[in-house]
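Here is how the chains run, residue by residue.
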Amino acid sequence: MESRRIEKLRARVVFDSRGDKTVEVEVTVDGFTARAAAPSGKSRGKREVQPFAEGGAEGSVRALTEASRRIIGATMDDPLAVDVLLREIDGTEDFSRIGGNAALATSVAAAMAYAGSGGVPLYLALSRHLGVEPGIPLPLSNVLGGGAHAGSGAPEFQEYLLVPVGAKSAMQAIEANVLAYRKLGRLLSQEVRGYPLGKGDEGGYAPPISNRKALELVARAAQEGSDETGVRIAVGLDVAGSNVLDPKSGRYALRSDGLYLTGEEMVSFIGELVDRYGIVYVEDPFAEDSPELFADLQRSVPRAFVCGDDLVVTRPDLIRSAMERGAIRAAIIKPNQVGLLSVAAESARVCHGLSGLPVASHRSGETTDAYLSHFAVGTWCRLIKCGLIGGERMAKLNELLRIGEELGGGRMRGLSG
Ligand code: 2PG
Ligand code: MG
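Within each chain, residue numbers correspond to sequence positions counted from 1 in written order. Whichever chain is written first becomes A and whichever ligand is written first becomes 1, with later ones labelled in order. In keeping with the model being predicted, local features are shown solely for residues with a pLDDT of at least 70 and side-chain atom pairs are shown and tallied solely at 80 or more, while totals for entire chains, interfaces and linings include all residues. Hydrogens and waters are ignored; side-chain quantities use all the structure's heavy atoms.

### As for the coordination of the magnesium ion (ligand 2)
Filter applied, for reference: A 2.8 Å cut-off from the metal defines N, O and S donors, relaxed to 3.2 Å for Na, K and Ca; water is not in the atom list, so some sites may appear incomplete. Going along the chain from the N terminus, every DSSP run of H or I of four or more residues is numbered as a helix, and every run of E of two or more is numbered as a strand. With a 1.4 Å probe rolled over the protein chains alone, any residue whose accessible area is under 20% of its type maximum counts as buried; one over 50% counts as exposed, and the rest are partly exposed.
With distances of 2.0 to 2.2 Å, the protein atoms coordinating the magnesium ion (ligand 2) are Asp-238 (OD), Glu-283 (OE) and Asp-309 (OD). Each donor residue of the magnesium ion (ligand 2) lies on one chain, and together they are spaced D-x44-E-x25-D. Taken as a pair, Asp-238 in strand β7 (residues 234-238) and Asp-309 in the loop between β12 (305-308) and α10 (316-324) lie far apart in primary sequence, 71 residues in all. The two residues Asp-238 and Asp-309 agree in class, both being buried.

Structure follows, in structure tokens:
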């Protein structure tokens, strides 16, 4: 690819879907301007980079604006070329000088501007640069939320997900998930008296019920949705285990179920749920510093995909070691956990090399940007976890439909093959 010049950079503070401040960046490359903002997580892994510089989003904008003198005028030989410069400029291990969100917004805006100045969409520029054939990911949809994303009284598990494993296209997958989501709403209004269908941070329902009850209802909604659409919809979970662990007792506190489990008991409990509800995907079932429990679970449910999020925080080295020791078969790829699109792409590559599933993922505080979908297609993440209901979630799904059109429907291999 030929060399192009970064002509302008401008950073500003904007708000995410939760109303928190984040950083948006505009970059102009060879006359083409692109804009990107970074999302923010609430249940963050200990080893994620710092999202913001000292002084929060404003501090990050100041730090990046100061550093922009070194970025403007630089040349890009490929869509991810600005990342080397960003790392040099920040100079810290955890991106604390400019903040991972400012770095990511710059990384993405520059990649998009580079792609746009060459007349191609981001997913195509990425797939060409990385030598990956583009593919459409299977959408994982959060339809019921608890934990850190909901108020007290909601289940402790953070996300109950629909996995439309039988879908052949993004359109089929989204339609099936929306139908099952509506069925879940009906079931909840019948079964949970007085619950006005309130929602959590990611647009899923957040009812005051136990984890067991939530799973039972989500599994019923998935079954009814499968029967009606003919597309098999399975169930997935993000436990966000670090937030369920009570640090004092070292037990997993599932208050809504009246259970206080040791690590080993939690392995058995999750294993039972996987068998009983046909769960195909379990993210962060344990705290981030217990890889041995992940490995125990993965061994006991070999057909399910145990997935690491806080466990591996989008770091290629951590993903490699967790997959090699058999702790996980899937890894969450959240670009702002590492602050650079190139590192996130490398993480997806590591997964492919170890026959694992990369799962492109949103954050609970999102923006209406849709570059996550381009990233997922361009690096062929097999799954995308981007929520379902809410403009900031649907923006990513609608972008998948548009990309699918360009790819002539697009290949969707999902969980199999
Ligand atoms: C997660 C995410 C996104 P947060 O744990 O997977 O769903 O939550 O962005 O709050 O870390
Ligand atoms: Mg997670």
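### Thoughts on empty space enclosed by the protein
How we decide: Only protein atoms enter the 1 Å grid, on which a cavity is a set of points fitting a 1.4 Å probe that cannot get out and a pocket is an open set with protein on both sides within 12 Å along at least 5 of 7 lines, lining residues being those with an atom within 4 Å of a point. Grid points are joined across faces, edges and corners, and a volume is the space filled by probe spheres set on the points. What marks off one domain from the next here is an automatic or database domain assignment.
One pass over the structure, following the stated rule, counts three cavities of 30 Å³ or more. Its boundaries defined by the atoms lining it, the largest cavity holds a volume of some 90 Å³. Breaking the lining of the largest cavity down by element, the ones donating at least two residues are α11 (335-338) and α13 (371-378). Of the residues that make up the lining of the largest cavity, three or more belong to each of domain 1 (4-119) and domain 2 (138-407). In this structure, the second largest cavity encloses a volume near 70 Å³. Lining the second largest cavity are 15 residues, and of these His-149, Glu-159, Glu-202, Lys-334 and Ser-364 sit closest to its centre.

### Some remarks on the packing of helix α6 (residues 211-229) against helix α8 (residues 263-277)
The test is simple: For helices, the axis comes from a line fit to the C-alpha atoms of the stretch in contact; other axes are also lines fit to C-alpha atoms, and the angle between any two N-to-C directions lies between 0 and 180 degrees. Each angle is binned into one of four classes, with values under 35 degrees roughly parallel, values over 145 roughly antiparallel, values of 65 to 115 roughly perpendicular, and all other values oblique. Take the far helix as your reference; a near helix turned counterclockwise from it by less than a right angle gives a left-handed crossing, and one turned clockwise gives a right-handed crossing. Contacts between residues were defined by any pair of non-hydrogen atoms, one from each residue, lying within 4.5 Å. Each residue receives one of three labels: charged for Asp, Glu, Lys and Arg, nonpolar for Ala, Val, Leu, Ile, Met, Phe, Trp, Tyr, Cys and Pro, and polar for the others, Gly being one of them.
Packing of α6 against α8 leaves a shortest axis separation of 11 Å and a crossing angle of 20°. Comparing their axes, α8 and α6 come out roughly parallel. For the crossing formed where α6 meets α8, the hand is right-handed. In this structure, α6 uses Arg-212, Leu-215, Glu-216 and Ala-219 to contact α8, whose residues at the interface are Phe-269, Leu-273, Arg-276 and Tyr-277. Of the residues assigned to the contact of α6 with α8, the class counts are five nonpolar, no polar and three charged.

### Re the site of ligand 1
Rules: What makes a residue near a molecule or strand is one non-hydrogen atom of that residue sitting within 4 Å of it. Residues adjacent in sequence count toward polar contacts only when both atoms are side-chain atoms; beyond that, a polar contact is any pair of N or O atoms within 3.5 Å, and within protein one must be able to donate a hydrogen and the other to accept it. Note that accessible areas follow from Shrake-Rupley with a 1.4 Å probe, and for residues the cover is restricted to the protein chains shown. Placement in a cavity or pocket follows one criterion, namely that more than half of the molecule's atoms lie within 2 Å of its grid points.
Around ligand 1, 15 residues are found, and the nearest of them are Lys-42, Glu-159, Glu-202, Ser-364 and Lys-385. Note that an oxygen atom of ligand 1 is positioned 3.0 Å from one of the side-chain N or O atoms of Glu-283. Here an oxygen atom of ligand 1 sits 2.8 Å away from a polar atom, N or O, in the side chain of Arg-363. Within the complex, 99% of the 310 Å² of free accessible area of ligand 1 lies under protein. Judged by the fraction of its atoms near the pocket grid, ligand 1 is located in the second largest cavity. Residues that form the shell around ligand 1 fall into these classes: no nonpolar, six polar and nine charged. A domain split of the shell around ligand 1 shows at least three residues from each of domain 1 (4-119) and domain 2 (138-407).

### Quick look at the environment of Glu-324
When you line up the elements, Glu-324 lands in helix α10. For the pair formed by Glu-324 and Ser-256, sequence separation is 68 residues and the distance between their alpha carbons is 35 Å.

### Here we look at helix α3 (residues 100-117)
Using the following cut-off: What a helix should span is 1.5 Å times the count of its residues minus one.
Taking 1.5 Å per residue as the helical rise, α3 with its 18 residues ought to reach 26 Å, and the 25 Å between its terminal C-alpha atoms agrees with that figure. Across the 18 residues of α3, 16 count as buried, placing the element largely inside the fold. Positive backbone phi, approximately 80°, marks Gly-119, located one or two places after α3.

### Thoughts on the sheet that holds strand β3 (residues 32-37)
Rules: Whether two strands pair comes down to DSSP finding at least two bridges between them.
Taken together, four strands build an open sheet; the order of strands is β3-β2-β1-β4 and the sheet is antiparallel. The open sheet has two free edges, formed respectively by β3 and β4 (75-76), since each of these has just one partner strand. Both strand β2 (residues 21-29) and β3 contribute to a ladder of six bridges, which runs antiparallel. Bridging across to β3, Val-25 finds its partner in Ala-36.

### As for the side chain of Lys-334
As for its placement among the helices and strands, Lys-334 is situated in the loop between β13 (330-333) and α11. You can call Lys-334 buried: its relative accessible area is 5%.

### What about the state of the cysteines?
Stated precisely, the cut-off is as follows: Criterion for a disulfide: a pair of cysteine sulfur atoms at a distance within 2.5 Å.
Under the defined criterion, the tally for this structure stands at zero disulfides. Cysteine Cys-381 is unpaired, with the sulfur of Cys-351 as its nearest cysteine sulfur at 7.6 Å. By relative accessible area, which is 0% here, Cys-381 ends up buried. Unpaired in terms of disulfides, Cys-386 finds its nearest cysteine sulfur in Cys-381, a separation of 12 Å. A residue is classified by how much of its surface remains accessible, and Cys-386, at 0% relative accessible area, is buried.

### Regarding the layout of surface pockets
Each pocket or cavity is described by its volume, and for the largest pocket that value is around 410 Å³. Lining the largest pocket are 22 residues, with Val-165, Arg-232, Val-280, Arg-303 and Leu-415 sitting closest to its centre. Of the residues assigned to the lining of the largest pocket, the class counts are twelve nonpolar, five polar and five charged. Of the volumes computed, that of the second largest pocket is approximately 250 Å³. For the lining of the second largest pocket, the secondary-structure elements that each account for two or more residues are α10 and α11.

### Here we look at the domain arrangement of the protein chain
Short version of the rule: Note: buried area is the sum, over both parts, of the accessible area (probe 1.4 Å) each one loses when the two are combined. Salt bridge, as applied in this entry: a Lys or Arg side-chain nitrogen positioned within 4 Å of an Asp or Glu carboxyl oxygen.
As assigned here, the protein chain comprises domain 1 (4-119) and domain 2 (138-407). One C-alpha centre belongs to domain 1, the other to domain 2, and the line joining them spans 27 Å. Summing the contributions of domain 1 and of domain 2, the shared interface buries around 2600 Å²; its carbon and sulfur component is 52%. For the pair domain 1 and domain 2, the interface holds four salt bridges.

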